[in-house]
Amino acid sequence: MCLEVYKGAEASRQYENGFFRQFASNLVSLFNDKNINGILVGFPNVRDNKYLKPDCVLITENRIVIIDFKNWEDVEIYLPKENDFETVNWKTSNNRVIEAGSKENPNPFWQLYRQRNWLNDIVHVNEKRD
């Protein structure tokens, strides 16, 4: 089986569609080489939460991973110290803020943290239905 790849809607940013194709191809090769099974879903439509819009979700036997694509070329990104990682702005070498989350908190980790919580809520609600 190895890695099954599915793609939902087209991404709103064209570079994300191309990046997904390349990313999926690389991941399929890796999963085949390592004999790992999984499912990769690009740009899924999540009916239960209109705010949950992951670029990509990887599901393996023991993990669900939300993957977010960023389009930053030829720039160094300086990450905050570990104790500030979730709250402080991430910046480039020329002091530009990496915007990802919301206007109130553009931290990319915060964006994924919120998405993880929304996904957790959906999974737990559906577990209770079964």
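Conventions adopted
- Residues numbered from 1 in each chain as written.
- Predicted model: local features only at pLDDT ≥ 70, side-chain atom pairs only at ≥ 80, totals over all residues.
- Heavy atoms only, no water.
- Helix = DSSP H or I, 4+ residues; strand = E, 2+ residues; numbered from the N terminus.
- Buried < 20%, exposed > 50% of the residue type's maximum accessible area, 1.4 Å probe, protein only.
- Contact = heavy atoms within 4.5 Å.
- Pairing = 2+ DSSP bridges.
- Right-handed = clockwise from strand over helix to strand, strands pointing away.
- Salt bridge = Lys/Arg side-chain N within 4 Å of Asp/Glu carboxyl O.
- Axes fitted to C-alpha atoms, helices over the stretch in contact; angles between N-to-C directions.
- Polar contact = N/O pair within 3.5 Å; in protein donor to acceptor, adjacent residues only side chain to side chain.

Participant: Let's hear about the environment of isoleucine 122: which residues, and what values?
Facilitator: Residue placement: isoleucine 122 occurs in helix α2 (residues 108-129). Given a relative accessible area of 14%, isoleucine 122 falls into the buried group. For the pair isoleucine 122 and leucine 3, spaced 119 residues apart in the sequence, the C-alpha separation amounts to 24 Å. Sequence-distant contacts of isoleucine 122, that is, excluding residues within four places in its chain, are made with Val46, Asp48, Asn49 and Leu52.

Participant: Lay out the pairing of strand β2 (residues 38-42) in plain terms, naming residues and giving numbers.
Facilitator: Here β2 shows a clear split, with Gly38, Leu40 and Gly42 buried on one side and none of Ile39 and Val41 buried on the other. Where strand β1 (residues 3-7) lies against β2, five bridges are found, and the strand directions are parallel. Following the sheet pairing, glutamate 4 is matched in β2 by isoleucine 39. What joins β1 to β2 is helix α1 (residues 14-34), and the crossover it makes is left-handed.

Participant: Lay out unusual backbone geometry with the relevant residues and their values.
Facilitator: Trans is the common state for peptide bonds, and a negative phi is the common state for residues other than glycine. Despite not being glycine, asparagine 35 shows a phi value in the positive range, around 55°. A relative accessible area of 61% places asparagine 35 in the exposed class. Positive phi values are uncommon outside glycine, yet phenylalanine 43 reaches one of about 50°. A relative accessible area of 8% places phenylalanine 43 in the buried class.

Participant: Which residues make up the pairing of strand β4 (residues 64-67), and what are the values?
Facilitator: In terms of strand pairing, strand β3 (residues 56-60) meets β4 through four bridges, oriented antiparallel. Its bridge partner being in β4, isoleucine 59 is matched across the sheet by isoleucine 64. In this antiparallel pair of consecutive strands, β3 and β4, the connection spans three residues.

Participant: Residues and numbers for the pattern of salt bridges, please.
Facilitator: All chains considered together, the criterion is met by two salt bridges. A salt bridge links lysine 7 to glutamate 10; the shortest N-O distance between them is 2.6 Å. Residue lysine 7 is classed as partly exposed on the basis of its relative accessible area, which comes to 31%. Two residues, glutamate 16 and arginine 13, come together in a salt bridge whose shortest N-O distance is 3.7 Å. You can call glutamate 16 buried: its relative accessible area is 3%.

Participant: Describe the sheet that holds β2, and please don't skip the residues or the numbers.
Facilitator: Read from one edge of the open sheet, four strands run β1-β2-β3-β4, paired in mixed fashion. If you trace the sheet from one side to the other, it starts and ends with β1 and β4, each paired once. When the angles between neighbouring strand axes are averaged without regard to direction, this sheet yields 15°. With five bridges connecting them, β2 and β3 associate as antiparallel partners. Bridge assignment links glycine 42 to a residue of β3, and that residue is cysteine 56. In this fold α1 packs onto β1, β2, β3 and β4, with an angle of close to 170° to the strand it touches most, β1.

Participant: Give me the lowdown on the side chain of asparagine 49, citing residues and values where you can.
Facilitator: Position of asparagine 49 among the secondary structure elements: in the loop between β2 and β3. The exposure class of asparagine 49 is buried, given its relative accessible area of 13%. Within the structure, asparagine 49 has its side chain in polar contact with the backbone nitrogen of tyrosine 51 (distance 2.7 Å). Each residue touching asparagine 49, except ones within four places of it in the same chain, is listed here: Trp118 and Ile122.

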